[in-house]
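# Structural overview
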Amino acid sequence: MTKKIAVLPGDGIGPDIIAEAVKVLKKVEQKFGTSYQFDEYPVGGCAIDQTGEPLPADTLNACLASDAVLLGAVGGFKWDNLPGNKRPEAALLGLRKELGLYANLRPAIVYPSLVGASTLKEEVVSGVDLLVVRELTGGIYFGEHKRTTTEDGTEKAIDVLEYTRPEIERIVRLAFELAMKRRKKVTSVDKANIIETSRLWREVVAEVRKDFPEVEVDQQYVDNCAMQLVRNPKQFDVIVTENMFGDILSDEAAMLTGSIGMLASASIGAGNNAMYEPIHGSAPDIAGMNIANPIATILSAAMMLRFSFNQVKEADAIETAVAAVLEKGLRTGDLAVKGQPTLSTTEMGAAIIEELDRM
Ligand code: NAD
């Protein structure tokens, strides 16, 4: 059955990197006999220019009706002075909320050929292959935020941290299901020595793990986990945690791998809705120069095939093609060491397609 993909290129380098991901998906169709329908819609700054809104109703409705959303990036200098809810980035929050995307999945994989690109020692990062599963629609980011004064008139700010049992259960269960398809280890991260929501989190983990007896479970306090990620990242398979801890830890984990141009992500919801995007932004400093690294977007497309369409061998093929291209020493500017020849965005896309062709 044809899968409907809402394609949102966005701003800056977004259109360039999305074009390469779409070309790769078209090659997958040809090679594996899958079928995708690509429908393009404006989002972010370009949508503001066209309609006055960062997330026009037509775009949102198309995303709601799609089998998956593939997004480039949004934002740029031109729209930097607009108020918060009118900025291009407001579209991302709107999409997460309206599509009910409660889980953010960020793999951090250190490719053998890029091991030198990390700021950490080779022996620490080589072989790292972990997945951070972050709760995305609850916790302190979604609790009440307010200013008040104490009885003696001192100014005071309050942010409320809340989680319900079902909110925790669905994300923890997803993490265990994902671990079953990987190396069968879940590290649950919390601050249960102090925070009540974390104590509830631990109770839920204790319940859910009974359904996954094959999965090894480790529980770490968030401060320890932050340290373990740079001390011994190879111990991790799936890390599951609440919204704010996940925000911080997933950025830390991403940096183990070297370049931001390599990192894919998926945001998954309760129904069929899901959104796939690189973790980097619209890189206005290199927009229109055909030098952006398209790999993060191409790997996001692979995640879409794996998680939304259950097209596992197709996803594997894309990931293998990316690894093969890197193994050959082909590099976009962000990955190259000084003096190394570099490929343009379109050349890198073409090299990956050539690898797919050869399989
Ligand atoms: P950025 O990720 O766009 O860029 C940071 C640095 O990384 C820049 O030097 C850029 O050239 C480089 N870079 C990023 N992606 C690259 C790629 N694929 N290949 C090569 N180099 C790459 O972050 P920023 O500069 O802080 O933000 C720029 C704009 O993007 C802002 O408007 C910001 O709000 C927006 N943004 C959007 C998203 C998103 O759409 N999900 C995420 C982050 C930032």
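Residues numbered from 1 in each chain as written. Predicted model: local features only at pLDDT ≥ 70, side-chain atom pairs only at ≥ 80, totals over all residues. Heavy atoms only, no water.

We now examine the pairing of strand β6 (residues 145-149). For β6 and strand β7 (residues 155-159), the ladder comprises five bridges, and the chain directions are antiparallel. Among the inter-strand pairings, Thr-149 is bridged to a residue of β7, identified as Glu-155. The antiparallel pairing of β6 with β7 creates a hairpin that spans five residues between the two strands, and Gly-153 there sits at a positive phi of about 85 degrees. (Pairing = 2+ DSSP bridges. Helix = DSSP H or I, 4+ residues; strand = E, 2+ residues; numbered from the N terminus.)

Here the UniProt-annotated "binding site: substrate" (unreviewed entry) positions come out as Arg-96, Arg-106, Arg-134 and Asp-223. Spanning 128 residues, the named residues are also spread out in space, since their farthest C-alpha pair is 27.5 Å apart. Lining the second largest cavity, from the set of annotated residues above, are Arg-106. Tracing the backbone shows Arg-96 in helix α4 (residues 90-99). Within the secondary structure, Arg-106 sits in strand β4 (residues 101-109). Its relative accessible area of 14% is what places Arg-106 among the buried residues. With residues up to four places along the chain from it excluded, the contact list for Arg-106 reads Leu-130, Leu-131, Val-132, Ser-250, Asp-251, Ala-264, Ser-265 and Ile-279. (UniProt positions renumbered as here; feature names shortened; annotations may be inferred. 1 Å grid on protein atoms, 1.4 Å probe; cavity = no way out; pocket = protein on both sides within 12 Å on 5 of 7 lines; lining within 4 Å. Buried < 20%, exposed > 50% of the residue type's maximum accessible area, 1.4 Å probe, protein only. Contact = heavy atoms within 4.5 Å.)

Next up on the list: the domain arrangement of the chain. Domain parsing of the chain yields domain 1 (1-108 + 263-359) and domain 2 (119-257). Between the C-alpha centres of domain 1 and domain 2 there is a distance of 25 Å. Contact with domain 1, which involves 13 residues of that partner, is made by 19 residues of domain 2. Each partner contributes to the roughly 1500 Å² buried at the junction of domain 1 and domain 2, and carbon and sulfur atoms together form 65% of this total. (Domains from an automatic or database assignment. Buried area = accessible area lost by both parts, 1.4 Å probe.)

The immediate surroundings of the ligand are formed by 20 residues, with Val-74, Glu-89, Gly-281, Ala-283 and Asp-285 found nearest. Here an oxygen atom of the ligand and a backbone polar atom of Ser-282 are 3.1 Å apart. Asp-285 places a polar side-chain atom, nitrogen or oxygen, 2.9 Å from an oxygen atom of the ligand. When the ligand is considered free in solution it has 810 Å² of accessible area, and contact with the protein chains removes 69% of it. (Near = heavy atom within 4 Å. Polar contact = N/O pair within 3.5 Å; in protein donor to acceptor, adjacent residues only side chain to side chain. Areas by Shrake-Rupley, 256 points an atom, 1.4 Å probe, with all protein chains shown as cover.)

Moving on: empty space enclosed by the protein. Using the criterion set out here, one finds two cavities of 30 Å³ or more in the structure. One number sums up the size of the largest cavity: a volume of about 50 Å³. Residue lining of the largest cavity: Tyr-163, Val-189, Asp-190, Thr-197, Ser-198, Trp-201, Glu-242 and Phe-245, and that is the complete set. For the lining of the largest cavity, the secondary-structure elements that each account for two or more residues are β8 (185-190) and α7 (196-208). The element best represented in the lining of the largest cavity is α7, accounting for three residues. Of the residues in the lining of the largest cavity, the class split is four nonpolar, two polar and two charged. Estimated volume of the second largest cavity: approximately 40 Å³. Contributions of two or more residues to the lining of the second largest cavity are made by β4 and α9 (243-254). (Points joined across faces, edges and corners; volume = space filled by probe spheres on them. Nonpolar A, V, L, I, M, F, W, Y, C, P; charged D, E, K, R; others polar.)

This structure, assessed with the given rule, holds 28 salt bridges. Arg-165 is the partner of Glu-203 in a salt bridge, and the nearest nitrogen-oxygen pair spans 3.0 Å. Remark: Arg-165 occurs in helix α6 (residues 165-180) and Glu-203 occurs in helix α7; sequence separation between them is 38 residues. In this structure Arg-165 comes out as partly exposed when scored by relative accessible area, which is 39%. Several salt bridges converge on common partners, so that one network encompasses Asp-129, Arg-182, Arg-183 and Asp-237. (Salt bridge = Lys/Arg side-chain N within 4 Å of Asp/Glu carboxyl O.)

Turning next to the environment of Gly-76. One can find Gly-76 in the loop between β3 (68-73) and α4. Accessibility expressed as a relative area gives 13% for Gly-76, which makes it buried. Taking C-alpha positions, Gly-76 is 33 Å from Glu-354, a pair spaced 278 residues apart along the chain. When near neighbours in sequence (up to four residues on either side) are disregarded, Gly-76 contacts Ser-282 and Pro-284.

Another point: unusual backbone geometry. For Lys-184, which is not glycine, the phi torsion reads 60 degrees and is therefore positive. In this fold, Lys-184 is placed in the loop between α6 and β8. Even without being glycine, Asn-290 reaches a positive phi, approximately 55 degrees. On the secondary structure map, Asn-290 appears in the loop between β12 (274-278) and α10 (295-308).

Attention now moves to the packing of aromatic side chains. Centre-to-centre distance and the angle between the planes together describe a pair of aromatic rings. Per the stated rule, a full pass over the model turns up four aromatic pairs. We note Arg-170 situated over the ring of Tyr-102; from NZ or CZ to the ring centre the distance is 4.1 Å. (Phe/Tyr/Trp six-rings, centres within 6.5 Å; stacked < 30°, edge-to-face > 60°. Lys NZ or Arg CZ within 6 Å of the ring centre and 35° of its normal.)

Moving on: the UniProt feature "site: Important for catalysis" (unreviewed entry) in the chain. If you check UniProt for "site: Important for catalysis" (unreviewed entry), the listed places come out as Tyr-141 and Lys-191 in our numbering. Overall, Tyr-141 belongs to the partly exposed group, its relative accessible area being 34%. When sequence neighbours within four positions are dropped, the list of residues in contact with Tyr-141 reads Arg-134, Asn-243, Met-244 and Asp-247. Structurally, Lys-191 is set in the loop between β8 and α7.

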